[in-house]
Structure formats: structure tokens, C-alpha cells
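Topology and contacts: notes
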Amino acid sequence: KLRMRPTAVAFALAALFAGNVSAQSPAPAPDFTFTGNVGLYSQYVFRGFSQTAEHAALQGGIDATCGRFYAGFWGSNLDFGGRIDPVTGAVKDVADIEIDWYAGLKHDFGRAEVDLGVIYYTYPAAFDRRFAADPALLGLRELDYVELKLSTKWKLRDDFVVTTTGYYSPEYTNKTGNVFTSEA
């Protein structure tokens with residue numbers, strides 16, 4: 001008859017379960033990932049102003065990451081009101097959709113993370129002045145614009161993070177010139 005001491009049985013069981021735990025550890029995260037998002041919101045507010053005339057917004061996007069680099073696009077419906085078309089006399093929507101294209105680089109320095117990126121805000125089929133030589137669109141301004149972004153996320157404690165972001169556009173929407181914007 002085989003007899004085992006209780007400590008030997010405990011050691012054998014611990015070794016058996018330890019083997020099972022290590023066999024089920026998660027696989028390392030891939031370097032390249034795709035993610036997507038979609039949502040229905042009560043309205044789209046950008047920097048304090050409703051972009052949908054306080055109506056509902058359907059929004060979504062796709063992001064790709066590879067190590068420190070990221071890129072993607074995001075879109076939303078809009079309601080910028082209407083303007084009279086000087087050629088036809090009909091009222092046309094200024095813009096119905098916004099699609100933002102972005103790319104950047106993030107680096108984690110431990111207690112601080114820095115994000116340097118670029119965002120191109122586009123308004124497909126917008127009733128704006130895209131061709132300076134077109135006299136029918138005189139007075140309208142180009143809506144599309146580019147922003148450069150520098151963001152820093154400070155981890156002050158494990159449960160307290162502060163983020164500051166600065167944006168610069170060399171030619172902001174509606175051809176308003178250089179614009180600096182900050183958020184905290």
C-alpha cells in the first residue's frame with residue numbers, strides 16, 4: 001500500500017495547478033491592431049458648440065495601431081444650416097457630414113505619455129468655396145482644415161491623471177488664419 005504524507009500531496013497538487021496556470025496565461029498582445037466604434041448621441045458638440053443644431057448624431061470610426069504609431073478616421077452627421085445657392089437660388093445645406101483623418105505617435109515615459117499627431121477635418125460635398133476662380137461661390141469659405149496636436153497625459157497618482165492638449169492650425173476652417181487651441 002502506497003502512503004503519501006500530507007505535505008507531499010499538497011506539493012504535488014500545487015505543482016499540478018501551477019502548471020495549469022502557466023499554460024493558460026494570455027498570449028502577448030499583437031503589435032498591429034484594428035478597433036472600431038459606433039454610437040448614437042443626443043448631439044455632436046465640438047469645443048463647446050453644437051455641430052448638429054442640438055439634434056442627434058450618429059458617429060463612428062476605425063483606428064489602427066502599430067507599436068507607438070496610430071492612424072484612423074472618424075465621422076459624424078452635421079447640421080450647419082443652409083445657404084442660398086447664388087446660381088440656382090435654392091437653399092442648400094452647408095455641410096451634412098464630417099470625416100476626420102488622423103495619424104500620430106505616442107510615447108510612454110512612465111508617469112507621462114506624449115502624443116504628437118495631425119488631424120485633417122473634411123466636410124465632403126459641403127457647400128463651400130473650394131475653387132477660388134468660381135465666381136458663383138464668392139463669399140463662401142473653405143471648411144476643410146488641418147490641425148497639429150501635442151498632448152501630454154500626466155499620471156500624478158494611480159487614480160489621478162491630468163491631460164493637457166494643444167492644437168495649432170495654420171489655416172483654420174473658413175480661412176480664418178492661424179489658430180491655437182488648448183484643452184485641459
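This paragraph deals with the overall build of the protein. What the protein contains, in helices and strands, is 1 helix and 12 strands. Helices and strands in the protein line up, N terminus first, as α-β-β-β-β-β-β-β-β-β-β-β-β. Within the protein, the proportion of its 184 residues that are buried is 27%. Taking as baseline every contact in the protein between residues at least 6 positions apart, the subset at least 24 positions apart corresponds to 45%. Of the accessible surface of the protein, which amounts to about 12700 Å², a share of 63% is contributed by carbon and sulfur atoms.

Considered as a void within the structure, the largest pocket measures approximately 500 Å³ in volume. Lining the largest pocket are 27 residues, with Trp 74, Asp 100, Tyr 102, Ile 119 and Lys 149 positioned closest to its centre. Secondary-structure elements contributing two or more residues to the lining of the largest pocket are strand 2 (45-46), strand 4 (57-66), strand 5 (69-77), strand 8 (97-108) and strand 9 (112-122). In terms of residue class, the lining of the largest pocket is made up of 13 nonpolar, 5 polar and 9 charged.

Within the protein, residue pLDDT values average 83, and 77% of them lie at 70 or more. Within the model, pLDDT remains below 50 along residues 13-17, and this stretch shows 0 contacts once partners closer than five positions in the same chain are excluded.

Our focus in this paragraph is the pairing of strand 11 (residues 160-169). Bridge analysis of strand 10 (residues 145-157) against strand 11 gives 9 bridges, and the strand direction is antiparallel. Paired with Leu 148 across the two strands is Tyr 168, which belongs to strand 11. When strand 11 meets strand 12 (residues 179-183), the two strands line up antiparallel, connected through 5 bridges. Bridging across to strand 12, Ser 169 finds its partner in Val 179.

How each quantity is defined
Residues numbered from 1 in each chain as written. Predicted model: local features only at pLDDT ≥ 70, side-chain atom pairs only at ≥ 80, totals over all residues. Heavy atoms only, no water. Helix = DSSP H or I, 4+ residues; strand = E, 2+ residues; numbered from the N terminus. Buried < 20%, exposed > 50% of the residue type's maximum accessible area, 1.4 Å probe, protein only. Contact = heavy atoms within 4.5 Å. Areas by Shrake-Rupley, 256 points an atom, 1.4 Å probe, with all protein chains shown as cover. 1 Å grid on protein atoms, 1.4 Å probe; cavity = no way out; pocket = protein on both sides within 12 Å on 5 of 7 lines; lining within 4 Å. Points joined across faces, edges and corners; volume = space filled by probe spheres on them. Nonpolar A, V, L, I, M, F, W, Y, C, P; charged D, E, K, R; others polar. pLDDT = per-residue confidence, 0-100. Pairing = 2+ DSSP bridges.

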